[in-house]
Amino acid sequence: MSKQPLEMTVNGEPTEVLVQPYQTLLEVLREEVGMTGVKEGCGTGDCGCCTVILDGKPVTSCLVLALQAQSRPVRTVEGLGDGDALDPIQEAFIRHGALQCGFCIPGAVVMARALLDATPRPNEDEIRWAMAGNLCRCTGYTKWVEAIQDVVDQTTEGAMK
Amino acid sequence: MTETLAIGQRLDRADGRDKVTGHATYVADVKLPGMLHAKLLRSPHAHARILSINVERARALAGVRCVLTAKDLDRLEREPSSRARAILAVDRVRYHGQPIAAVAADDVHTAEEAIDLIEVEYDVLPAVVDPLQSLEDGAPLVREQATETDDSEALAHGSVTAGEVKVAGNKPTNVTSRVHYHRGDVEAGFAAADVVVEKTYHIGHVHQGYMEPRATIATWDAQDRLTFYVSAQGQFSIRSELSNVLGIPESKIKIFAMEIGGGFGAKIQPIIEPIAAYLAKRTRRPVKLVLTRGEDLIAATPAPEFIMEVKSGAKKDGTLTAVKARVIMDPGCFPGGPLNNACLLIGCLYRFPNLDVEGIEVLTHKPSQAAYRAPGAHHGTFAIESQMDAMARALGIDRFEFRLKNCIVEGDLMAHGEPWPNNGMKQVLQAMAEHPIWKNRASAPNRGVGFAVGGWLGGIQPASASVRMNPDGSLCVITGAIDLTGTNTAFRQIAAAELGLPAEDITVQTGDTDSAPYAGTSAGSKVIYAVGGAVQAAAADARRQILEIASHELEASPADLEISDGKVRVKGTAERSVSLSHIGSASTRYGGKYEPVFGRGSVAVTQRSPGFSGQLAEVSVDPDTGKVSILQYACVQDVGKAINPTLVEGQMQGGSVQGIGMGLSEELVYSKEGRLLNQSLLDYRKMTAIDLPKIDTVIVEVPSPFGPFGAKGVGEPPIVPGAAAIANAVRDATNRDFPDLPITPDKVVRALRQ
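About the cut-offs
Residues numbered from 1 in each chain as written. Chains lettered and ligands numbered in written order. Predicted model: local features only at pLDDT ≥ 70, side-chain atom pairs only at ≥ 80, totals over all residues. Helix = DSSP H or I, 4+ residues; strand = E, 2+ residues; numbered from the N terminus. Rg over C-alpha atoms; globule rule 2.2 N^0.38 Å. Buried ≥ 20, exposed ≤ 12 C-beta atoms within 10 Å, placed from the backbone. Contact = placed C-beta atoms within 7 Å. Axes fitted to C-alpha atoms, helices over the stretch in contact; angles between N-to-C directions. Parallel < 35°, antiparallel > 145°, perpendicular 65-115°, else oblique. Left-handed = near helix turned anticlockwise from the far one by under 90°. Nonpolar A, V, L, I, M, F, W, Y, C, P; charged D, E, K, R; others polar. Pairing = 2+ DSSP bridges. Core = buried A, V, L, I, M, F, W, Y, C linked by C-beta atoms within 7 Å. Domains from an automatic or database assignment.

What about the overall build of chain B?
In terms of helices and strands, chain B carries 21 helices and 27 strands. Expected size for 754 residues packed as a compact globule is a radius of gyration near 27 Å; at 27 Å, chain B falls within 12% of this value. Viewed in the frame of its principal axes, chain B has a C-alpha envelope of about 85 × 75 × 50 Å. A buried classification covers 60% of the 754 residues belonging to chain B. Pairs at least 24 apart in sequence give 80% of the contacts found in chain B among residues at least 6 apart.

Here is the structure:
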């Protein structure tokens, strides 16, 4: 098989790479684009470690062929926040100690960002459903939920002022 | 005092920013120049003779640089004594997924393709999968000859104790070791009992569940020195083991420990590193080997299976009379597992005047085991805490009252005759009894409240650390301990407290095996307890040196000096002071007259500080579907002293959920032929965010006389009572016993129909 050109926008940057038709978006982001924050925990769409935002929607990038991202914007953990400023979700995960080994965290914070973009004020149940596809073995999820709720509360307070 | 400011603070993790931005680097993220990618051919059978292997087509594939089978490797034994030595199968495979051949290629896809081109002829042999069948005469033998038990991993946990009997008889058997703890006369004890409860408990193999699949890179340099990039819990221990397995001196091996994406006991033994070293040796290029999740589920090192037949008795007034148990542990195809821990926990948590606990280790044709957070303790605790509930019910005594009457306190004898050290079991039980889940429980159909308590004896191991002052007066703590859970942040707090500095002035670095002071494996809840003590001692030494330099500068006795606000000052005076940055620069600059500040701390703690955790669950059970829902959950734990409460809570919550997973959903399921049936995380069901409520945490602090600032090990205890608490809650909701974990919906529905 011969490689084919793939043009996509990764974290706002136009990106051109040659990829094999069988390569996943996960593999190309990690191996060709250098976005190693995107983690492979299973390769079968079960763990959520490779979650990225494709065209505004969260996807497990291990189940997306790279060429499906043709001409589309991709946002990875490296693209969260604004320059040196972290995304409020990233800040909250640190403040709440919502991370231990850290392997699942890039996927988790991307998923939480996608949740809040779509549903700015989720209740606990909505947070838990949204995060149910992101497995974490260290935290037991309590501090994840508290961190996300904290971001929601801060955003709500800001809106009321 | 500054000390009390640092200890007990909810300091953010120093590596938090790296981890939330994706900058933390794990082995799979590393690329070295010229690096090749490896794949393994694994046996589809649990037990088979290898008749032939043909690698010609694989070798001929473009991009393939090396293909190895057992006959290409020197030093391989037909009957290896440990899993790490079973690098590639020699003539016979003994578990599904055992590596038979290895390929290194330019990219991972080529390596995969080459694996598919290798042809193997097998003579499939009968496999023994069930440990009870493995005990029977005539069962297929897992090993052709008896070999010595491998206890290196138990030693890494600091948990090996007296009572183990190694088996080296002449009769062919799958039994590899036995333990036996005995006290008094159990038959007389049962005769004196008013209530005797007898049940058999079962917990199958579970996977430790770390999110990062195993990965390694091996590379040789021009001086024939071998470097590994590892995801491992202990860099010095993995170096020792690799030195043994590969026959290379430790001085010729260097370990770079990368970020580790979870280990929970599984990432102590080097099961993939040796083959990477061979491939790298042959190709003279760096070789990366990353397992797929499927490989990691099929053929890594799960926790052992346990069958526990337990009989216990008590008098009407709640006095225990005796416990008798037969514990069968199946560690898979290589010996070595936490049999003694499970047996000790059955006999040790409560004051049984008479006990007789026998443990038997028996091999099967399944992947060999590794530790899983408090290895063996959750197994034994599940059995004895189920028994305690059953006896309390039969006696009509409150479950807490019954436990409080019988729980051990300092000085009570353990099953092997040693006295219990200082511990907080009773305080944990008392705090649990006050928790709202228990106090506010109300009777409702299909709802129940259950709880359990369990513990970990505590690991011990010598450790050293150093504290170096930088020219700008900041300080750097250097240890060899792998940070799994935020221990480097706690080291920062310990050093800050000892030095009297703000934590921000201190960084913590994990060195590699060439540069770091010695530390044991991050396992057995001994990082803060042991290495933390070394950090404290090193910080005290650095402080002494700082005060020594300041005493010359200030012309005052060191005893009259104190460190505060980045300065050393004469106590009680504001004007006579010298800044730490001055001391840093004066002790490092060209022509300087002071020796650089370099604090050293070495400790060998030999006293254990057991940690206890108790957990309460309120559950509801759907009688139609059998689904168990957790409505409320709390973890109460004696941590001695919480150096960083946020990090301690994280340990308590994460450990609790692992215990809940063992209770409700997790089990590696093998076919009769020994093939793993649930090969993905969809089928091997771990707890997700939607399966759980918030885990409430209650920190109890009964200070350790030995740990830094009174701290005890925190990591192991919270996994211990989870499965038992869930089982007791489901029992309360359904009036049915569930001695066979996990309590899956089908088992619940079946039980409710009886």
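Observations regarding the packing of helix α11 (residues 339-348) of chain B against helix α12 (residues 377-395) of chain B
All names here are of chain B. Where α11 contacts α12, the axes come no closer than 7 Å and their chain directions differ by 30°. As judged from the angle between their axes, α11 and α12 are roughly parallel. Once α11 is placed against α12, the crossing between them reads as right-handed. Between α11, through Asn-341, Ala-342, Cys-343, Leu-344, Leu-345 and Ile-346, and α12, the contact on the second element is made entirely by Ala-377, His-379, Gly-380, Thr-381, Ala-383 and Ile-384. A breakdown of the residues in the contact of α11 with α12 according to their chemical character gives 8 nonpolar, 4 polar and no charged.

Observations concerning the interface of chain A and chain B
Contacts between the two partners involve 42 residues from chain A, matched on the other side by 43 residues from chain B. Looking at the side of chain A that touches chain B, the elements that each hand over two or more residues are α2 (88-95), α3 (105-118), α4 (124-131) and α5 (142-160) of chain A. Of the residues contributing to the side of chain A that touches chain B, the split by class is 23 nonpolar, 12 polar and 7 charged.

A few points about the environment of Ile-203 of chain B
Residues and elements named next belong to chain B. Counting through the fold element by element, Ile-203 comes out in strand β9 (residues 195-203). On a C-alpha basis, the gap between Ile-203 and Glu-667 in space is 8.1 Å, while along the polypeptide they are 464 residues apart. Not counting chain neighbours up to four residues away, the residues in contact with Ile-203 comprise Glu-305, Phe-306, His-379, Phe-382, Met-662 and Leu-741.

What to know about the sheet that holds strand β4 (residues 57-60) of chain A
Residue and element names in this part refer to chain A. Within the open sheet, the 5 strands sit side by side as β2-β1-β5-β3-β4. Their pairing is mixed. Of all the strands in the sheet, just β2 (13-19) and β4 have a single pairing partner and so form its edges. If you compare each strand with its neighbour and ignore which way they point, the axes differ by 40° on average. Pairing geometry for strand β1 (residues 4-10) and β2, over 7 bridges, is antiparallel. The residue of β2 that forms the bridge with Glu-7 is Glu-16. Where helix α1 (residues 25-32) meets the sheet, its contacts fall on β1, β2 and β3 (51-54), and the angle it forms with β2 comes to roughly 105°. Along the sheet, α3 contacts β3 and β4; its crossing angle with β3, the most-contacted strand, is approximately 35°.

Some points on the pairing of strand β14 (residues 305-314) of chain B
Residue and element names in this part refer to chain B. The buried fraction of β14 is high, at 8 of 10 residues. Note: β14 against strand β15 (residues 320-330), 10 bridges, orientation antiparallel. Residue pairing in the sheet places Ser-312 in a bridge with Val-323 of β15. The loop that links β14 with its antiparallel partner β15 comprises 5 residues; one of these, Gly-318, has a positive phi angle of about 95°.

Here we look at the nonpolar core
In terms of nonpolar packing, the biggest core is built from 302 residues, with Ala-101, Val-103, Ala-276, Leu-279, Val-327, Ile-346 and Ala-495 of chain B touching the most fellow members. Residues within four places of Ala-101 of chain B in sequence aside, it is in contact with Leu-41, Ile-53, Val-55, Val-67, Leu-68, Thr-69, Leu-88 and Ile-118 of chain B.

Regarding the domain arrangement of chain B
Residue and element names in this part refer to chain B. Taken domain by domain, chain B comprises domain 1 (2-23 + 461-603), domain 2 (31-125 + 212-261 + 267-299), domain 3 (133-194 + 310-420) and domain 4 (421-458 + 609-754). The distance between the C-alpha centroids of domain 2 and domain 3 comes to 36 Å. With 16 residues of domain 2 in contact, the opposing surface of domain 3 contributes 20 residues. Grouping the amino acids of the side of domain 2 that touches domain 3 by side-chain chemistry returns 5 nonpolar, 7 polar and 4 charged.

Focus on the packing of helix α19 (residues 645-664) of chain B against helix α20 (residues 722-734) of chain B
Residue and element names in this part refer to chain B. Running from N to C, α19 and α20 point in directions that differ by 50°, and their axes come no closer than 7 Å. By the angle class used here, α19 and α20 are oblique. Note that α19 runs across α20; the crossing there is right-handed. Mapping the contact onto sequence places Ser-656, Gln-658, Gly-659, Ile-660, Met-662, Gly-663 and Leu-664 in α19 and Gly-722, Ala-723, Ile-726 and Ala-727 in α20. Class assignment for the residues of the contact of α19 with α20 results in 6 nonpolar, 5 polar and no charged.

Considering α2 of chain A
All names here are of chain A. Among the 8 residues in α2, 6 count as buried, and that is most of the element. Along α2, the residues that are buried comprise Pro-88, Ile-89, Gln-90, Glu-91, Ala-92 and Phe-93. Backbone geometry just downstream of α2 places Gly-97 in the positive-phi region, at approximately 65°.

Thoughts on the domain arrangement of chain A
All names here are of chain A. Here the domain parsing of chain A yields domain 1 (4-77) and domain 2 (88-160). Spacing between the C-alpha centres of domain 1 and domain 2 amounts to 22 Å. Taken residue by residue, the interface counts 14 residues in domain 1 and 11 residues in domain 2. Of all the elements, β3 adds the most residues to the side of domain 1 that touches domain 2, at 3 residues.

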